[in-house]
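Inside the fold
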Amino acid sequence: MSVGTDRIPDYANGRDASAPEPVSFESAMDALERIVADLESGQVSLDRSVELFEQGVRLAKACGDQLQDAKLKISRLEEVLQASDDDQS
Amino acid sequence: MMRILGVGELGQYLRASLDADPILQDSWIAGEVSNLGRPSSGHVYFTLKDSGGQIRCALFRSNAGRNPRFSDGDAVIVHGRVSFYEASGQIQLYVDIVQPEGVGRLHLEFLALKMRLDDEGLFEIARKRPIPRFPKRIAIITSPTGAVLHDICTVVERRYPRVEIVVAPTLVQGAEAAASICRAFAQVAQLRPLPDTVIVARGGGSLEDLWPFNEEAVARAIFACPVPVISGVGHETDVTIADMVADLRAPTPSVAAELVVPDRLELQALLERTESRLQNAVWAVYDDQRDHLTELIEGLLNVGPQIDGAAGRVAGLSTRLQTAVANRLERANERYRGAVLTLQALSPLLTLARGFAAITSETGRAVTSVEQVQPRELVSVRLHDGAFTSEVRARCP
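Cut-offs used in this document
- Residues numbered from 1 in each chain as written.
- Chains lettered and ligands numbered in written order.
- Predicted model: local features only at pLDDT ≥ 70, side-chain atom pairs only at ≥ 80, totals over all residues.
- Heavy atoms only, no water.
- Helix = DSSP H or I, 4+ residues; strand = E, 2+ residues; numbered from the N terminus.
- Buried < 20%, exposed > 50% of the residue type's maximum accessible area, 1.4 Å probe, protein only.
- Contact = heavy atoms within 4.5 Å.
- Areas by Shrake-Rupley, 256 points an atom, 1.4 Å probe, with all protein chains shown as cover.
- Pairing = 2+ DSSP bridges.
- Axes fitted to C-alpha atoms, helices over the stretch in contact; angles between N-to-C directions.
- Parallel < 35°, antiparallel > 145°, perpendicular 65-115°, else oblique.
- Left-handed = near helix turned anticlockwise from the far one by under 90°.
- Nonpolar A, V, L, I, M, F, W, Y, C, P; charged D, E, K, R; others polar.
- Core = buried A, V, L, I, M, F, W, Y, C linked by side-chain atoms within 4.5 Å.
- Salt bridge = Lys/Arg side-chain N within 4 Å of Asp/Glu carboxyl O.
- Patch = residues over 30% accessible without salt bridge, like charges linked within 9 Å, V, L, I, M, F, W, Y side chains within 5 Å.
- Lys, Arg positive; Asp, Glu negative; His and termini not counted.
- Charge placed at Lys NZ, Arg CZ, Asp CG, Glu CD.
- Buried area = accessible area lost by both parts, 1.4 Å probe.
- Polar contact = N/O pair within 3.5 Å; in protein donor to acceptor, adjacent residues only side chain to side chain.
- pLDDT = per-residue confidence, 0-100.

All right, on to the overall build of chain B then. Along chain B, the regular secondary structure elements total 13 helices and 13 strands. By the burial criterion, 32% of the 397 residues in chain B qualify as buried. For chain B, contacts bridging at least 24 residues in sequence account for 60% of all contacts bridging at least 6. Roughly 24300 Å² of accessible area belongs to chain B as shown, and the carbon and sulfur atoms make up 56% of that amount.

Below is the structure:
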């Protein structure tokens, strides 16, 4: 499952890459997890905090969009299932 | 020319002669049990006798387990083979079946065949094949007339209408039945496509009626069948050799119909339950991830207060800075004011105000000594509020 080729820096590998690399939902969540942990530690400089916050917001948005897509797909498939059940009875 | 034998050689010859005799190798003997011994080895030794004679018998442990217990004085029928045991010089009957006297011949034959086929491995559980769950095609070997075929078809069609049923008709009792059943199995094996499962069935009856299903040929035909066989012969309490060889035994033909196909309605319910599980499972994954993301976003938003905290620190420091500077300034001012006061105290103006004068000559030079002036010289006399000119009249000293 890919969160698309939005230019999300590959925080997971410590690179601020601007190369459009598709990142899996799970690794985006992991990266977001690490960002939040760092910010919560309070040991990060002000500049870096703002940077991390920006990255975090982008990751959160991408993950949120992906979940929304999944929800839509699942609901549509449920309708297919329902329709075939109705056909049988 | 006569030959002189050793005792051992005689014994061997005797044993070989007996072992070669077909009747002696497969005998049924009736008699009374006596001198019964059951040593710890598990083997059973006894004498079988009647008015005309007696013979020593040995029933080994492996066979003893599958025969009923018996005691001294019992009238029994045994099956076994006669041989000569050289070491003791005894003719013995090696027994494998013991039954109480009065058991019918048919039953005895059944027991003998059962034992033989069991030893060959035809009843082996490990070789029994699983019955296909969703057959496309089944074959039924049974009488074309009678209620059995009708019952089986009714049940199968109700439970699972989409399966194709092929009937291989056969005789199910009488002398020709065994051969007829074997032919039916042969026909089924030729079917293309092969059925997924075979049912061999017949309704209830006496031991004689069911006898074809205890025949060796039928047992071997079932064993050799290329697809799994369900047997449904007689009533629940009838267990034939066909039942033992089959991949699955049904207590009655109707039960065979229930075992060969699943029930459509049960499948429907199972499908619905599985669909529910599927939906629940996928939503569970979604919900987990959704909750996780929500948590992280909250964590992210908590960075606001962090920055406010820093701002607070800055404000605090700034206040302290101001206070410190103000204090410093104040101290400097105090020092200044103190200095000013001291300075003022030392000021010559204050001295002048007390009535002293400062005198300067015409050249502007300060006069600090009487020797610096001459009479008739003009000097400037300065008081605290002004000055006047004065002529020196006289000096003293």
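All names here are of chain B. One open sheet accounts for 5 strands, arranged β7-β6-β8-β9-β10; its pairing is parallel. Taken across any chain shown, the strands that pair with only one partner, and hence form the sheet edges, are β7 (164-169) and β10 (248-250). Strand after strand, the sheet turns through a mean of 20° between neighbouring axes, direction not considered.

With that settled, consider the packing of helix α5 (residues 147-159) of chain B against helix α10 (residues 253-260) of chain B. Residues and elements named next belong to chain B. In the contact formed by α5 and α10, the axes pass within 9 Å of each other and the chain directions differ by 30°. For the element pair α5 / α10, the angle class is roughly parallel. The handedness of the crossing between α5 and α10 comes out as right-handed. Together, Val148, Asp151, Ile152, Val155, Val156 and Arg159 of α5 and Pro253, Ser254, Ala257, Glu258 and Val260 of α10 make up the contact between the two elements. The residue inventory of the contact of α5 with α10, partitioned by class, reads 7 nonpolar, 1 polar and 3 charged.

The biggest cluster of nonpolar side chains holds 36 residues, and the ones touching the most others in it are Ile141, Phe185, Val198, Ile222, Val229 and Ile241 of chain B. Looking at this core, the elements that each hand over two or more residues are α4 (105-120), β6 (137-142), α6 (177-190), β8 (197-202), α8 (216-224), β9 (229-233) and α9 (241-245) of chain B. Ranked by residues supplied to this core, first place goes to α4 of chain B with 6 residues. Residue contacts for Val229 of chain B: discarding those within four places in its chain leaves Phe185, Val198, Val200, Ile222, Ala246, Asp247 and Leu248 of chain B. Ala28, Val36 and Leu67 of chain A together with Val303 of chain B belong to the second-largest nonpolar core, a separate cluster that totals 19 residues.

Residue and element names in this part refer to chain A. Scanning the entire structure with this criterion turns up 17 salt bridges over all chains. In this structure, the salt-bridge partner of Glu51 is Arg48, at a minimum N-O distance of 2.3 Å. With Glu51 and Arg48 both in helix α2 (residues 46-88), this residue pair falls 3 residues apart, about one helical turn. Residue class for Arg48 comes out partly exposed when judged on its relative accessible area of 30%.

What follows is about a negative patch on the surface. On the surface, Glu26, Asp30 and Glu33 of chain A together with Asp287, Asp288, Asp291, Glu295 and Glu298 of chain B cluster together to form a negatively charged patch. Every element with two or more residues in the negative patch is listed here: α1 (25-41) of chain A together with α11 (264-301) of chain B. The element best represented in the negative patch is α11 of chain B, accounting for 5 residues. Checked against the element boundaries, Asp30 of chain A lands in helix α1.

Each partner contributes to the interface: chain A provides 25 residues, whereas chain B provides 18 residues. The contact between chain A and chain B buries some 2100 Å² in all, and 70% of this surface belongs to carbon and sulfur atoms. Per-residue buried area on chain A facing chain B is highest for Met29, Leu67 and Ile74 of chain A; these three make up 24% of the total on that side. Inspection of the chain A/chain B interface yields 0 salt bridges. Between chain A and chain B we count 3 residue pairs in polar contact (both at pLDDT 80 or more) in total. For the side of chain A that touches chain B, the secondary-structure elements that each account for two or more residues are α1 and α2 of chain A. A per-element tally of the side of chain A that touches chain B places α2 of chain A first, with 15 residues. Tallied by class, the residues present in the side of chain A that touches chain B amount to 14 nonpolar, 5 polar and 6 charged.

The residue Gln54 of chain B is located in strand β3 (residues 53-59) in this model. Distance in space between the C-alpha atoms of Gln54 of chain B and Gly31 of chain B is 8.5 Å, their sequence separation being 23 residues.

With that settled, the discussion passes to the pairing of strand β12 (residues 378-383) of chain B. All names here are of chain B. Bridge count for strand β11 (residues 358-361) against β12 is 4 bridges, and the pairing is antiparallel. Residue Ile359 lies in a different strand from β12, and its bridge partner there is Val381. Bridging between β12 and strand β13 (residues 386-391) involves 6 bridges; their strand directions are antiparallel. Considered in β13, the bridge of Val381 is made with Phe388. If you look at the hairpin formed by β12 and β13, you'll find 2 residues sitting between the two strands.

The predicted model of chain A has a mean per-residue pLDDT of 78, with 73% of residues at 70 or higher. Confidence drops under a pLDDT of 50 for residues 1-10 of chain A, and excluding neighbours within four residues, the segment shows 32 contacts in the predicted structure.

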